[in-house]
Amino acid sequence: MARREPDGVRIEGATMDDLDALVDLWVALVADQRAHGTHLLAEANRATARDVLSQYIATDRAVVARTLRTDAPVGFAMYHVETGLYDEDVDRGVVDNVYVESDQRERGIGSALLDAAEGALRDAGADVLSISVMADNDRARALYEERGYRPQRHVLEKPGESDTHTRKADEP
């Protein structure tokens with residue numbers, strides 16, 4: 001399936017020359033996600049994000065969207081084929097992050113980044129594709145559902161100090 005790039009934007013593999021800009025974009029991603037309930041801290045994780053992003057770039061698991069006018073990165077996606085402790089009946093491709101600067105949204109850049117990540121994962125042999133989204137991020141969830149992603153697992157959380165417990169009928 002041929003992918004169409006949004007006007008004025010090029011989607012391509014990220015390089016180490018992009019690292020500083022991608023770290024800035026990752027920090028912006030996390031800062032945006034704070035409104036949706038993430039517990040990640042943006043600036044406090046800058047150095048760790050730099051390390052992780054450099055590994056993704058070095059192993060060709062990151063793509064960047066850059067403007068043709070300035071060549072500046074305005075978005076990125078990171079992805080990997082999952083490997084774990086347990087054998088599974090599928091090879092799962094995971095899209096770890098997709099982010100587009102707020103002033104560049106609604107232009108199809110996020111979809112183009114997702115296309116590139118999904119294509120790379122399929123080429124790497126992934127049988128199924130997955131992506132995580134914050135439960136309160138309606139906009140991102142709608143995009144992913146429109147593209148065919150469906151819930152596979154729900155993660156629920158509550159405060160650790162909570163004494164809320166619903167007693168079952170057979171409990172004393």
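Residues numbered from 1 in each chain as written. Predicted model: local features only at pLDDT ≥ 70, side-chain atom pairs only at ≥ 80, totals over all residues. Heavy atoms only, no water.

Asker: An account of the pairing of strand S3 (residues 73-81) is needed here, citing residue identities and associated values.
Answerer: The element S3 is extensively covered by neighbouring structure, given that eight of its nine residues are classed as buried. Connecting strand S2 (residues 62-67) to the next strand, S3, in antiparallel fashion are five residues, including Asp 71 with a positive phi near 65°. Across seven bridges, S3 lies against strand S4 (residues 92-100) in antiparallel orientation. Paired with Met 78 across the bridge in S4 is Asn 97. (Buried < 20%, exposed > 50% of the residue type's maximum accessible area, 1.4 Å probe, protein only. Helix = DSSP H or I, 4+ residues; strand = E, 2+ residues; numbered from the N terminus. Pairing = 2+ DSSP bridges.)

Asker: Can you explain the nonpolar core? Please cite residues and give values.
Answerer: Ranked by internal contacts, the top residues of the largest apolar core, which has 22 residues, are Ile 11, Val 95, Val 98 and Leu 113. Those residues in contact with Val 98 that lie beyond four places of it in its chain are Leu 29, Phe 76, Ala 77, Gly 110, Leu 113, Leu 114, Ile 131 and Tyr 144. Membership of the second largest hydrophobic core comes to 19 residues, among which are Val 23, Val 30, Ala 62 and Val 64. (Core = buried A, V, L, I, M, F, W, Y, C linked by side-chain atoms within 4.5 Å. Contact = heavy atoms within 4.5 Å.)

Asker: Residue-level account of the sheet that holds S3, with values.
Answerer: The five strands are arranged S1-S2-S3-S4-S5 in an open sheet whose pairing can be described as mixed. A strand with exactly one partner marks an edge of an open sheet, and here the two such strands are strand S1 (9-13) and strand S5 (128-131). When strand polarity is set aside, the average angle formed by the axes of neighbouring strands in this sheet is 20°. Where S2 and S3 come together, five bridges link them in antiparallel fashion. By the bridge assignment for S3, Ala 65 is matched with Gly 75. Together, S2, S3 and S4 form the strand contacts of helix H2 (residues 46-58), whose direction differs from that of S3 by roughly 75°. (Axes fitted to C-alpha atoms, helices over the stretch in contact; angles between N-to-C directions.)

Asker: Give me the lowdown on the packing of helix H1 (residues 19-33) against H2, citing residues and values where you can.
Answerer: The description of two helices packed together rests on the angle between their axes and the distance between the axes. One can describe the packing of H1 onto H2 by two numbers: an axis separation of 9 Å at closest approach and a directional angle of 125°. The angle between the axes of H1 and H2 places the two elements in the oblique class. For the crossing formed where H1 meets H2, the hand is right-handed. Residues Leu 19, Asp 20, Leu 22, Val 23, Asp 24, Trp 26 and Val 27 of H1 lie in contact with H2, whose contacting residues are Arg 46, Ala 49, Arg 50, Leu 53, Ser 54 and Ile 57. (Parallel < 35°, antiparallel > 145°, perpendicular 65-115°, else oblique. Left-handed = near helix turned anticlockwise from the far one by under 90°.)

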